[in-house]
Amino acid sequence: MNRQRLRGLIRKEALQILRDPSSIAIAFVMPFVLLLLFGYGVSLDARHVPIALVAAHPTAQTSGLFSGFRQSPYFRPRTYADIVAARRALMRGRVDAIIWLRPDFTRKALGGGAAPVGVIANGVNANNARIIEGYIQGVWASWLAEQARERGQPLVVPVDVRSRVWFNPALRSHDYLVPGLIAVIMTLIGALLTALVVAREWERGTMEALMASPATIAEILVGKLVPYFFLGMGGMALSVVMAIVVFAVPLVGSLWVLFLCAALFLLTALGMGLLISTIARNQFVAGMIALVTTYLPAFILSGFIFDIHSMPWPIRILTHIIAARYFVSTLQTLFLAGDVWPVIAGNMAALAVIAVFFLVAVARISHKRLD
Amino acid sequence: MDWYRVQALVVKEFLALLRNKASRMVLIGPPVIQLIVFSYAATFNLHNVPIAIYNEDAGGAARQLIARFQGSPYFSIGRMLKSGRRIKNIISDKKALLVLRIGPRFSRDLALHRTARVEVLVDGRNSNTGLIALSDVNAVIQAFSVHWAGTHGWRAAPAILVTRAWFNPNLRSRWFIVPGVVGLLTLVVALLVTGLSVAREREAGTFDQLLVTPLGPWEILLGKALPGFLIGGLEATLIIVVAILWFRVPFMGSVLALYLGLFLFLLAAIGVGLAISSASATQQQGLLGVFLFLVPAVILSGFATPIANMPLPVQYLTYLNPLRYFLVILRGVFLEGDGIAILWAQYIPLVAIGLVTMTIATWLFRRRLT
């Protein structure tokens, strides 16, 4: 590798970036806007869920149970006179669930017990329905405890579960979604930065001109990578600062490990963009492939929202070639749990393998095509 | 409006799109593959989640409880711990999502009709997965508890919960996700076909030639939009068929309501694509515009996270998103059996978005020239 030629190439690419503001917009404006939008927009914490309360025979017992729902921050209850009206409301989407106390509720509750509390949930959004059912169970359990206290009989249930959640005891979904979002956004940006730029050079024929120059393939690739790497790291730094300052996600791990992993990940993203544009050599096709292979896989297959263990095994194998998978896991660990080397070292090794694979593939393909 | 002229333009657009083998492939292959992959991957239902159990109790009750976990499809018991020292490492190294700890007095407490305690430690790094796992654990223990109370003569609680879910009785999140993926991929295809169509001609300089032909701006618009409708409609149909036949998502509503929704959604999505395309001078700008629209449109549509959970200003922003309305239509028609009468409130905003964006696109055709 010739130092002087390399410096010339890097300078050419840097000038190209500075003169066409769209790369700078991709690297800085996109993460800022997207992180802001997603950070505020994506939340799995349900609040003020509209529910219908129906008591066929209102008594002190039924209103005692209902007042638990009225006081809970999770619900926005409305009272319906009968179950028919409540069902209609559920059908029209005005409420997400119905709590239905049948006429014999009070008699059974005061008598032999096991009075049924009917819960009908709209199951279309299955995840949301389960979260709502969890909240309803909470209200029901505290009502039972209160009843037991009032009657002076301790509530005796066979098994009581004490749960503790580590690394995110307040269960703020922001704290794990924002680090994941950084991975999703940077996948997109890294690939976009290089995918279009090189495809345009092929389309215009300037890539061939570069190759006809004395510069080697390796020099051309390094010349392209270096300026975009710094641009991408700038965007990454901006995202991390926003996560800490704007979204108040605690960073438990150390900054230098984060920096190291981010650099490795960015290499895979840039390498992927280079590979796409080298194969496609056409902006339309490169853009399509970048769209199809970066954003949606990083969103769905990375473990950012959907749990990887629960996927069928062929898909689980597929997730191993998605670089974002390793970065999402690294970021969530670094932000919330700290420098857990058994997790991070494995992820870094995988990222390194993917980066090397992409860069070698790019060098191979560019070389072959020119012959 | 001269149909013959429009027809010629449509043929030309199709040739431009499908002439190149690579662009033919990226248009047709990925949506179907993605439907299959994403529909299998995108599930909130846990399955075979690795857990560890630390059992300090030698009694039969603890064994019965563990047997219930072994029989559950949600969990796969990775290891039985001999001591409590390694619990912390097992969770932080991601060897297990949660550790169930059964104390030494578990069986004895149950035999004495006292409440026995079980401790659950969960990895909260992905707090949603953690919460789902916790609720699955609770369900298993609750079932054990109810069974134990019934067979060992414990007094019943004053009230019990009897839960039912409408439209999706087993709470399969796949039924929710697959119709969502249909909407997502239809949007991607419509934007891909139209988002670069004007920009490509601008970059090549052929758009000026198109403007000096006898074609009026509305005819150009129609010629550019029709391929989007045809390709988008055909691909959407293909994905819907796969969703019904392969994924067995129940289709309860009317086909007419679905296709009216699809048509209006394509109108809005193609309008957005053409407006982005006509506003940009190069393909790179066009693609950037498509990304800048698509990425937020997916997140702010209610595809994975409910709109009701978003802060109010962001909720208002989602009213501008055509995918938001189409997802309601898709899920309503598939799962709830909705017809046209119920879905009016979704159709009207789509028409409005379509008309506004198409008008902007037509206006931008001419404006760029000067």
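Here is what the cut-offs are and how they apply
- Residue numbers here run from 1 along each chain, matching the order of that chain's written sequence.
- To read the labels, note that chains go from A and ligands from 1, taken in the order they are written.
- The predicted nature of this model means local features are confined to residues of pLDDT at least 70 and side-chain atom pairs, given and counted, to a pLDDT of 80 or more, with totals for whole chains, interfaces and linings taken over all residues.
- Excluding hydrogens and water, the side-chain figures rest on all heavy atoms present in the structure.
- The working definition used for a salt bridge is a side-chain nitrogen of Lys or Arg within 4 Å of a carboxyl oxygen of Asp or Glu.
- In this text, helices come from DSSP runs of H or I with a minimum length of four residues, and strands from runs of E with a minimum of two, each type numbered from the N-terminal end.
- Relative accessibility under 20% of the residue-type maximum defines a buried residue, over 50% an exposed one, and the middle range a partly exposed one, all with a 1.4 Å probe and only protein chains included.
- A pair of strands is labelled paired if DSSP reports no fewer than 2 bridges between them.
- Throughout, an axis means a line fitted to C-alpha atoms (over the contacting stretch in the case of helices), and angles, computed between N-to-C directions, take values from 0 to 180 degrees.
- Under the rule applied, a polar contact is a pair of N or O atoms within 3.5 Å (in protein, one hydrogen donor and one hydrogen acceptor; residues adjacent in sequence only if both atoms are side-chain atoms).
- Whether two residues are in contact is decided by their heavy atoms, any of which lying within 4.5 Å being enough.
- Domain segmentation is taken from an automatic or database assignment of domains.
- Take the number of residues in a helix, subtract one, and multiply by 1.5 Å to get its expected span.
- A 1.4 Å probe defines the accessible area here, and the buried area is the portion of it lost by two parts on being joined, summed over both.
- Definition of nonpolar core: a set of buried residues of the types Ala, Val, Leu, Ile, Met, Phe, Trp, Tyr and Cys, connected through side-chain atoms within 4.5 Å.
- Patches here are clusters of residues that have more than 30% relative accessible area and form no salt bridge, with a 9 Å joining cutoff for like charges and a 5 Å cutoff for nonpolar side chains (Val, Leu, Ile, Met, Phe, Trp, Tyr).
- We get accessible surface area from the Shrake-Rupley algorithm with a probe of 1.4 Å; when it comes to residues, only the shown protein chains can shield them.
- Only four residue types enter the tally: Lys and Arg on the positive side, Asp and Glu on the negative side, with His and both chain ends excluded.
- One atom stands in for each charge, and that atom is NZ of Lys, CZ of Arg, CG of Asp or CD of Glu.
- Geometric relationships in this document are graded by angle, where less than 35 degrees denotes roughly parallel, more than 145 denotes roughly antiparallel, 65 to 115 denotes roughly perpendicular, and other angles denote oblique.
- The crossing is said to be left-handed when, going from far helix to near helix, the turn is anticlockwise and less than a right angle, and right-handed when the turn is clockwise.
- Gly counts as polar in this scheme, as do all residues outside two lists: the nonpolar Ala, Val, Leu, Ile, Met, Phe, Trp, Tyr, Cys and Pro, and the charged Asp, Glu, Lys and Arg.
- Handedness is read with the strands pointing away from the viewer; a crossover is right-handed when the path from the first strand over the helix to the second is clockwise.

Draft legend 1. Main features of the pattern of salt bridges. One pass over the full model with this rule turns up 16 salt bridges over all chains. With its nearest N and O atoms 2.6 Å apart, the salt bridge here joins B:Asp136 to A:Arg130. Separated into two different chains, B:Asp136 in helix H6 (residues 127-151) and A:Arg130 in helix H6 (residues 126-151) make up a pair that spans both. Neither B:Asp136 nor A:Arg130 differs from the other in exposure class; each is buried. A salt bridge links B:Arg101 to B:Glu56, with the shortest nitrogen-to-oxygen separation between them at 3.4 Å. Highlighted residues: B:Arg101 in strand S3 (residues 98-102) and B:Glu56 in the loop between strand S1 (49-55) and helix H3 (60-71), separated in sequence by 45 residues. Overlapping salt bridges bring together A:Lys12, A:Glu13, A:Glu201 and A:Lys224 as one network.

Draft legend 2. Focus on the sheet that holds strand S3 (residues 97-101) of chain A. The strand order S2(A)-S1(A)-S3(A)-S4(A)-S5(B) describes an open sheet built from five strands, whose pairing is mixed. Each end of this open sheet is capped by a strand with a single partner; those strands are strand S2 (75-80) of chain A together with strand S5 (159-166) of chain B. Between one strand axis and the next, the sheet turns by 25° as a mean value, whatever way the strands run. When strand S1 (residues 49-55) of chain A meets S2(A), the two strands line up parallel, connected through six bridges. Each residue of the ladder has a partner; that of A:Pro50, found in S2(A), is A:Arg76.

Draft legend 3. Quick look at the side chain of A:Asn122. Relative to the assigned elements, A:Asn122 resides in strand S4 (residues 115-122). Accessibility expressed as a relative area gives 15% for A:Asn122, which makes it buried. A polar side-chain atom of A:Asn122 sits 3.0 Å from the main-chain amide nitrogen of A:Val124. Those residues in contact with A:Asn122, other than ones at most four positions away along the chain, are A:Leu90, A:Asp96, A:Ala129, B:Trp166, B:Phe167 and B:Glu336.

Draft legend 4. Quick look at the domain arrangement of chain B. Taken as a whole, chain B is organised into domain 1 (3-42 + 173-367) and domain 2 (49-151). The straight-line distance from the C-alpha centre of domain 1 of chain B to that of domain 2 of chain B is 47 Å.

Draft legend 5. Examining helix H7 (residues 173-204) of chain A more closely. Counted at 1.5 Å a residue, the expected span for H7(A) with its 32 residues is 46 Å, and the 46 Å between its end C-alpha atoms agrees. Just downstream of H7(A) lies A:Gly205, where phi reads positive at about 85°.

Draft legend 6. Spatial organisation of the interface of chain A and chain B. Between chain A and chain B, the contact holds 108 residues from the first and 107 residues from the second. The contact between chain A and chain B buries some 9,700 Å² in all, and 69% of this surface belongs to carbon and sulfur atoms. Counting across the interface, chain A meets chain B through one salt bridge. In this assembly, chain A and chain B are joined by ten residue pairs in polar contact (both at pLDDT 80 or more).

Draft legend 7. Up close: the side chain of A:Thr278. Within the fold, A:Thr278 resides in helix H10 (residues 255-280). Taking relative accessible area as the criterion, A:Thr278 reaches 2% and is therefore assigned buried.

Draft legend 8. Summary view of the nonpolar core. Counting residues in each nonpolar core, the largest one holds 244 residues, and the members touching the most others are B:Phe106 and B:Phe303. A total of 19 residues in this core trace back to one element, the largest contributor, which is H7(A). In contact with B:Phe106, other than residues within four places in its own chain, are A:Val159, B:Asp57, B:Ala61, B:Ala62, B:Leu65, B:Ala116, B:Arg117, B:Val118 and B:Phe144.

Draft legend 9. Representation of a nonpolar patch on the surface in the model. All names here are of chain A. Residues Tyr-40, Val-241, Ile-244, Val-245 and Val-246 make up a contiguous nonpolar surface patch of about 430 Å² in total accessible area. For the nonpolar patch, the leading source of residues is helix H9 (residues 217-245), giving three residues. Note that Ile-244 resides in helix H9. Its relative accessible area of 33% is what places Ile-244 among the partly exposed residues.

Draft legend 10. Region of interest: unusual backbone geometry. Residue and element names in this part refer to chain B. Of note, His-113 is a non-glycine position whose phi angle comes to about 60°, a positive value. Along the chain, His-113 falls in the loop between helix H5 (106-111) and strand S4 (116-123). Here His-113 falls in the partly exposed class, since its relative accessible area comes to 39%. Of note, Phe-167 is a non-glycine position whose phi angle comes to about 70°, a positive value. Structurally, the position occupied by Phe-167 is in the loop between S5 and helix H7 (173-195).

Draft legend 11. Representation of a positive patch on the surface. Residue and element names in this part refer to chain A. Side chains of Arg-76, Arg-78, Arg-88, Arg-92 and Arg-94 sit close together on the surface and give a patch of like positive charge. Mapping Arg-88 onto the fold places it in helix H4 (residues 83-91). Taking relative accessible area as the criterion, Arg-88 reaches 45% and is therefore assigned partly exposed.

Draft legend 12. Structural view of the domain arrangement of chain A. With domains assigned, chain A is organised as domain 1 (3-42 + 172-370) and domain 2 (49-151). The gap between the C-alpha centroids of domain 1 of chain A and domain 2 of chain A is 49 Å.

Draft legend 13. Structural context of the environment of A:Tyr295. Relative to the elements of secondary structure, A:Tyr295 occurs in helix H11 (residues 283-300). For A:Tyr295 and A:Asp175, which are 120 residues apart along the polypeptide, the C-alpha to C-alpha distance reads 21 Å. What A:Tyr295 contacts, discounting residues up to four positions off in sequence, is A:Val184, A:Leu188, A:Ala290, B:Val295, B:Val298 and B:Ile299.

Draft legend 14. Broad picture of the packing of H7(B) against helix H11 (residues 255-279) of chain B. Residue and element names in this part refer to chain B. The interhelical angle for the contact between H7 and H11, taken along N-to-C directions, is 40°, at an axis separation of 8 Å. With respect to H11, the axis of H7 lies oblique. Crossing geometry of H7 relative to H11 is assigned as right-handed. Residues Gly-183, Thr-186, Leu-187, Ala-190, Leu-191, Thr-194 and Gly-195 of H7 form the contact with H11, whose participating residues are Leu-262, Phe-265, Leu-266, Ala-269, Ile-270, Val-272, Gly-273, Leu-274 and Ser-277. For the contact of H7 with H11, the class distribution of residues is ten nonpolar, six polar and no charged.

Draft legend 15. Quick peek at the pairing of S1(A). Residues and elements named next belong to chain A. Most of S1 sits out of view: seven of its seven residues are buried. Alternating positions in S1 separate into two faces, Val-49, Ile-51, Leu-53 and Ala-55 on one and Pro-50, Ala-52 and Val-54 on the other, with burial throughout. A crossover links S1 with its parallel partner S2, the connecting element being helix H3 (residues 60-71), and its sense is right-handed. Sheet topology places S1 next to S3; five bridges connect them, and they run parallel. Bridge pairing links Ala-52 to Ile-98 in S3.

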